[in-house]
Amino acid sequence: MNISEYILLIKELFVAGGIVMPPLVLCTLLLWYGVGYRFWVMKEPKWMSVRDMFKYYQEHTDKPAKNIVARAMQQGIELRKRGVRNLRRHLDAAFYEYEREIGKFSVLIRVVVLISPLLGLLGTVIGMIETFDSLATMTLFSQSGGIAGGIAQALFTTQMGLTVAIPGLLAHSILNRKQQQIEQDLSQIKDLLCHQIPAKKLNGK
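Residues numbered from 1 in each chain as written. Predicted model: local features only at pLDDT ≥ 70, side-chain atom pairs only at ≥ 80, totals over all residues. Heavy atoms only, no water.

Let us look at the overall build of the protein chain. Along the protein chain, the regular secondary structure elements total eight helices and zero strands. Listing the helices and strands of the protein chain from first to last along the sequence gives α-α-α-α-α-α-α-α. Residues classed as buried in the protein chain amount to 31% of the 205 residues present. Total accessible area on the protein chain stands at roughly 13,000 Å², and carbon and sulfur atoms take up 63% of it. (Helix = DSSP H or I, 4+ residues; strand = E, 2+ residues; numbered from the N terminus. Buried < 20%, exposed > 50% of the residue type's maximum accessible area, 1.4 Å probe, protein only. Areas by Shrake-Rupley, 256 points an atom, 1.4 Å probe, with all protein chains shown as cover.)

Given 3.6 residues per helical turn, the α-helix brings residues three or four places apart onto the same face. Its 15 residues place the ends of helix α4 (residues 68-82) 21 Å apart at the C-alpha level, agreeing with the 21 Å of an ideal helix rising 1.5 Å per residue. Buried within α4 we find Ile-68, Val-69, Ala-70, Ala-72, Met-73, Gly-76, Ile-77 and Leu-79. Structurally, the start of α4 carries an N-cap: the backbone nitrogen of Val-69 is 3.2 Å from a side-chain oxygen of Asn-67. Gly-83 lies just past α4 and shows a positive phi near 70 degrees. (Expected span 1.5 Å × (residues − 1). Polar contact = N/O pair within 3.5 Å; in protein donor to acceptor, adjacent residues only side chain to side chain.)

Turning next to a nonpolar patch on the surface. Side chains of Tyr-6, Leu-9, Ile-10, Leu-13, Phe-14, Val-25 and Leu-29 sit close together on the surface and give an oily, nonpolar patch of about 590 Å² of accessible area. If you list the elements that add at least two residues to the nonpolar patch, you get α1 (3-17) and α2 (21-41). For the nonpolar patch, the leading source of residues is α1, giving five residues. By secondary structure assignment, the location of Phe-14 is in helix α1. (Patch = residues over 30% accessible without salt bridge, like charges linked within 9 Å, V, L, I, M, F, W, Y side chains within 5 Å. Salt bridge = Lys/Arg side-chain N within 4 Å of Asp/Glu carboxyl O.)

With that out of the way, let us pick up the packing of aromatic side chains. Two aromatic rings, taken as a pair, are described by how far apart their centres are and by the angle between their planes. Going through the model one piece at a time under the given rule, you end up with four aromatic pairs. Taking 5.1 Å as the distance between ring centres and 85 degrees as the angle between the ring planes, the aromatic pair formed by Tyr-37 and Phe-105 counts as edge-to-face. Linking Tyr-37 in helix α2 with Phe-105 in the loop between α5 (87-102) and α6 (106-137), this pair joins segments that are 68 residues apart in sequence. Note on Tyr-37: relative accessible area 26%, which makes it partly exposed. Aromatic side chains Tyr-56 and Tyr-57 sit 5.1 Å apart centroid to centroid with 85 degrees between the ring planes, which places their arrangement in the edge-to-face category. (Phe/Tyr/Trp six-rings, centres within 6.5 Å; stacked < 30°, edge-to-face > 60°.)

Grouped together as the largest cluster of nonpolar side chains are 39 residues, with contacts concentrated most on Met-73, Phe-95 and Ile-189. Elements that contribute at least two residues to this core include exactly α2, α3 (50-59), α4, α5, α6 and α7 (146-195). Broken down by element, the residue count for this core peaks at nine residues, all from α7. Among all residues touching Met-73, those that are not within four sequence positions of it are Val-50, Met-53, Phe-54, Tyr-57 and Ile-189. (Core = buried A, V, L, I, M, F, W, Y, C linked by side-chain atoms within 4.5 Å. Contact = heavy atoms within 4.5 Å.)

As structure tokens, then:
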């Protein structure tokens, strides 16, 4: 297919969907922008447990961090080495940016997933009203497909709304589980840094 055929197909979709198609297309763009951003932020897997990572970065302070958890670990170890007071409060402030970053666009995705089927249903209701209005003048019988064609066209927007919402819901669920795991890891890092006895005290120095 060339560009002109793609443009013609898009025009046909907009005509079939009616007035709700522009908001549905906008919802699609917003949804996958948010999903793509969240996936990119949390794409790097955790390659060892938090406790092993803690030992590793204590011994290898010059090693680059490969993910959010590792960056938080390095920052927490650095704060602990400085001997700051109220370490937990400083860790909460330092880790807030990581927590905000992994949660970014979560609300947007949830809103899009919720309103997309409703927009599709609205388009179907509008299409059905137009279909039954046309029965009053019998104009629908002169069009190809008759009543069945008009109803099928009206149901197209519901299909589009579900097509946007279902993949978005699955992606949102997967990313939320990943977010919860990272938040648990950050909480565990705080506990390790705040409750572990420094090596100097263990040696009696």
